[in-house]
Amino acid sequence: MSEPTKENFPEIVMPKPEPIRILSGQKALVTGANSGIGEGIAIQLAKAGADVVVNYVNNPDEANAVVEKIKKLGVNAVAIQADVSNEAEVISMFNQMFKEFGTIDILINNAGLQQDSPFDKMTIEKWNKVINVNLTGQFLCAREAIIEFKRRGVKKEISCAAGKIIHISSVHEVIPWAGHVNYASSKGGIMMLMKSIAQEVAPFRIRVNSICPGAIRTPINKNAWDTQEAYNKLMELIPYGRIGEVEDIGRAAVWLASDHADYITGTSIFIDGGMTLYPGFATGG
Ligand code: BGC
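Notes on the structure follow.

Rules used throughout
- Residues numbered from 1 in each chain as written.
- Predicted model: local features only at pLDDT ≥ 70, side-chain atom pairs only at ≥ 80, totals over all residues.
- Heavy atoms only, no water.
- Axes fitted to C-alpha atoms, helices over the stretch in contact; angles between N-to-C directions.
- Helix = DSSP H or I, 4+ residues; strand = E, 2+ residues; numbered from the N terminus.
- Parallel < 35°, antiparallel > 145°, perpendicular 65-115°, else oblique.
- Left-handed = near helix turned anticlockwise from the far one by under 90°.
- Contact = heavy atoms within 4.5 Å.
- Nonpolar A, V, L, I, M, F, W, Y, C, P; charged D, E, K, R; others polar.
- Near = heavy atom within 4 Å.
- Polar contact = N/O pair within 3.5 Å; in protein donor to acceptor, adjacent residues only side chain to side chain.
- Areas by Shrake-Rupley, 256 points an atom, 1.4 Å probe, with all protein chains shown as cover.
- Salt bridge = Lys/Arg side-chain N within 4 Å of Asp/Glu carboxyl O.
- Buried < 20%, exposed > 50% of the residue type's maximum accessible area, 1.4 Å probe, protein only.
- Phe/Tyr/Trp six-rings, centres within 6.5 Å; stacked < 30°, edge-to-face > 60°.
- Lys NZ or Arg CZ within 6 Å of the ring centre and 35° of its normal.

Where helix α1 (residues 36-47) contacts helix α2 (residues 60-71), the axes come no closer than 9 Å and their chain directions differ by 20°. Judged by the inter-axis angle, α1 sits roughly parallel to α2. Here α1 and α2 pass one another in a crossing that is right-handed. Seen from α1, the contacting residues are E39, A42, I43 and A46; seen from α2, they are V66, K69 and I70. The residue inventory of the contact of α1 with α2, partitioned by class, reads five nonpolar, no polar and two charged.

This is the structure we're talking about:
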């Protein structure tokens, strides 16, 4: 194979591994699971044998469609509405989940949004909205999950761990992002939220980690991939030469939530096609 250049890039071959049912009998809650990365993770968890709560805030039709897709995979699913930034709604969602499924084994703290603005034009509303959903929402859901994990402890026929939390962070927990200061601050916050919880609950055999996606093809970043020009510009930031797909994140979440990853806690796993490798330095510096 000759040296890859921009014109002569190797063909993109997408991975298609067979699902292994390594999460059989586990109960998962995925926040913001009606679309995008949340939906992708919910589907992969279901393929791995988990029953799934599909949380959504304001699109019941999308959430119900995800529930139907999951049920076709031979596991159970239910849609539950809750705004993750609202404490009472989060507590009520967990109670509904316990009524439906009995307990929780896996929390995927995914719900998140962007409200972009130049810094000097950023309103307190935009700042608060993003911090409340992306950071406070992850705190509230993690707290309720940990209350249940500690109460129940390890059920060794289900998993080596008493519970697993996966925070969906971003490459922007380490890459500064002009015009998105509220978003990058929320993701930087998630890193210390995750690590500090992980340190506190490890003795209870509770594992807490983050997945940090790069550019994944979802509605949140449509303007970065929906024209050829935008896509080509995006590729300047991605050494691996393709955009990420939700399956790339979903499959990693399955593995990280499973006992295959039992010794992993307090870690951020970057799934970004090399976006965090400072691609500008491939030729410069
Ligand atoms: C953002 C996307 C962006 C990606 C890479 C994600 O966290 O939500 O909009 O494309 O980071 O910059």
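This paragraph deals with the site of the ligand. Residues in close proximity to the ligand include Q114, S170, H172, W177, Y183, G214, A215, I220, N221 and M275, which together make up its full environment. Within the side chain of S170, an N or O atom sits 2.7 Å from an oxygen atom of the ligand. Surface burial for the ligand is 90%, taken as the share of its 310 Å² of free accessible area covered by protein chains. Class assignment for the residues of the shell around the ligand results in five nonpolar, five polar and no charged.

Moving on, we come to the pattern of salt bridges. Inspection of every chain in the model, using the stated rule, returns 11 salt bridges. Among the salt bridges present, the one from R143 reaches E87, with a minimum N-O distance of 2.8 Å. Separated by 56 residues along the polypeptide, R143 in helix α4 (residues 124-152) and E87 in helix α3 (residues 87-101) bring together distant segments of the chain. According to the relative accessible area criterion, R143 is partly exposed, its value standing at 29%. On the accessibility criterion, E87 (41% relative accessible area) is partly exposed.

Time to look at the environment of F270. Tracing the chain through its elements places F270 in strand β7 (residues 268-271). Put simply, F270 and G214 are 56 residues apart on the chain and 7.5 Å apart in space, counted from C-alpha to C-alpha. Apart from residues no more than four positions distant in its own chain, F270 is found in contact with S170, V171, E173, V174, C212 and T276.

Turning to the packing of aromatic side chains, a few remarks are in order. Per the counting criterion, the structure on display carries three aromatic pairs. Aromatic side chains F94 and F98 sit 6.1 Å apart centroid to centroid with 65° between the ring planes, which places their arrangement in the edge-to-face category. Linking F94 with F98, this pair stays in helix α3, spanning four residues, or about one helical turn. Taking 5.7 Å as the distance between ring centres and 65° as the angle between the ring planes, the aromatic pair formed by W177 and Y183 counts as edge-to-face. When its relative accessible area of 9% is taken as the criterion, Y183 is described as buried. Note that K27 overlies the ring of F101, its terminal NZ or CZ placed 5.8 Å from the centroid.

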